[in-house]
Amino acid sequence: MHLLSTKDLSKDYIEKIMAKAGEMEAYALKKKQSDMMKGKILAALFYEPSTRTRLSFETAMLRLGGQVISVADAQSSSLAKGESLEDTAKIVSQYADIIAVRHPEIGSSKKMAEGSSVPVINAGDGAGDHPTQALLDLYTIIKEKGQVDGLTVTLSGDLKNSRTANSLIYLLANYDVKFKFLAPEELKMKDEVKKFLSEKGLSFEETSSVEDGLSGTDVLYATRVQRERFKDAGEYEKLKDSFIFNRALLEKHNPKMLILHALPRVNEISKDVDDMPGAAYFRQASNGVSVRMALISLLLA
Ligand code: CP
């Protein structure tokens, strides 16, 4: 079994992952030790930059007693010589027991899965999906808020290019959540995602007004304007500071707001927000180890 998109996951399986991540927290936080992955190898193939996803995958495998082989530079593998993703996967799956792959092309992890004889985890395919990030986002919401049903979740920023926003929406669509999409006209949520919600009978509000977007928000999921997806540098410069959330603005709307961000942030969340009780983005990144431990152990079970 592979993990390519959160669209494919049933609510039962999502809850199984959440429960397993809870069990893994003691290992992630070094309160307990484990060698449950002894003899197993994770191949971390990162053809796009990453700090959190690659290192937390590697940490997860190492803390469970397994080992890691990595590609952390697109130019250092034979993809740079023209090898296909399918052939690469055919080869790497002879060396490793599980593959985590990040690549700039939408659908790249699916191509790898087609060539692989071991489970493939999508660690981010262009502007497509980032399922492990969304699962750790959901885990963080549950941990911080106690439940998901009844929450108003506002996703803001570059909703056109954010793979983490796509993947989180597919997960949250399994719960009773009110969605608000706050983005400038140029970076509005993709039609594909809106169609997905409409087909499930779920509603959403869209706005480019910060005041309307933040009103009634329980959870703010801020995203970075994704410079790497822009063909026109001038367009990026025009849009990069579309929304900047500072403490006064967020406290005015809801001092108890849960504030999430997949990170890295650029300017969209001011540093004075970091001390707010609901500013959970660094705790969120930390949860990535438990959630990725859970995924490795479930996919290799
Ligand atoms: N959230 C996330 O994917 O971060 P990295 O790009 O650092 O892996």
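Preceding this paragraph is the structure being described.
Description of the structure in this document. Just so it is clear, the model here is predicted, and its values are computed rather than measured. (Residues numbered from 1 in each chain as written. Predicted model: local features only at pLDDT ≥ 70, side-chain atom pairs only at ≥ 80, totals over all residues. Heavy atoms only, no water.)

**Description of the overall build of the protein chain**
Alright, step 1. Tallying secondary structure elements over the protein chain gives 11 helices and nine strands in all.
Alright, step 2. Here the C-alpha radius of gyration of the protein chain, 19 Å, is about what a compact globule of 301 residues would show, namely 19 Å.
Alright, step 3. Projecting the C-alpha coordinates of the protein chain onto the three principal axes gives extents of approximately 55 × 45 × 40 Å.
Alright, step 4. Across the 301 residues of the protein chain, 56% fall into the buried class.
Alright, step 5. Within the protein chain, counting contacts between residues at least 6 apart in sequence, those at least 24 apart form 73% of the total.
Alright, step 6. Side-chain charges in the protein chain split into 41 positive and 42 negative, and the spacing between the mean points of these groups amounts to 4 Å. (Helix = DSSP H or I, 4+ residues; strand = E, 2+ residues; numbered from the N terminus. Rg over C-alpha atoms; globule rule 2.2 N^0.38 Å. Buried < 20%, exposed > 50% of the residue type's maximum accessible area, 1.4 Å probe, protein only. Contact = heavy atoms within 4.5 Å. Lys, Arg positive; Asp, Glu negative; His and termini not counted. Charge placed at Lys NZ, Arg CZ, Asp CG, Glu CD.)

**Section: the site of the ligand**
Alright, step 1. The environment of the ligand is made up of Ser 50, Thr 51, Arg 52, Thr 53, Arg 102, His 130, Gln 133, Ala 262 and Leu 263.
Alright, step 2. One of the backbone nitrogen or oxygen atoms of Thr 51 is found 2.8 Å away from an oxygen atom of the ligand.
Alright, step 3. Here a nitrogen atom of the ligand sits 2.9 Å away from a polar atom, N or O, in the main chain of Ala 262.
Alright, step 4. Protein chains shield 92% of the accessible area of the ligand, which is 260 Å² for the free molecule.
Alright, step 5. Class assignment for the residues of the shell around the ligand results in two nonpolar, five polar and two charged. (Near = heavy atom within 4 Å. Polar contact = N/O pair within 3.5 Å; in protein donor to acceptor, adjacent residues only side chain to side chain. Areas by Shrake-Rupley, 256 points an atom, 1.4 Å probe, with all protein chains shown as cover. Nonpolar A, V, L, I, M, F, W, Y, C, P; charged D, E, K, R; others polar.)

**Remarks on the environment of Ile 141**
Alright, step 1. Here Ile 141 shows up in helix H5 (residues 131–145).
Alright, step 2. On the accessibility criterion, Ile 141 (1% relative accessible area) is buried.
Alright, step 3. Sequence spacing of Ile 141 and Leu 260 is 119 residues, and the spatial spacing of their C-alpha atoms is 8.7 Å.
Alright, step 4. Contacts of Ile 141, omitting those with residues within four sequence positions, involve Gly 146, Gln 147, Val 148, Leu 151, Leu 172, Val 219, Leu 258 and Leu 260.

**Concerning the side chain of Ser 77**
Alright, step 1. Locating Ser 77 in the fold gives a position in the loop between strand S2 (67–71) and helix H3 (85–95).
Alright, step 2. Filtering out sequence-adjacent residues up to four positions away, Ser 77 remains in contact with Tyr 47 and Val 71.

**Thoughts on the pairing of strand S5 (residues 152–156)**
Alright, step 1. The buried fraction of S5 is high, at five of five residues.
Alright, step 2. Residue alternation in S5 divides its side chains into two sets, Thr 152, Thr 154 and Ser 156 and Val 153 and Leu 155, and both sets are buried.
Alright, step 3. In this structure, S5 lies alongside strand S6 (residues 178–182), joined through five bridges in parallel fashion. Within S6, the residue paired with Val 153 across the bridge is Phe 179. (Pairing = 2+ DSSP bridges.)

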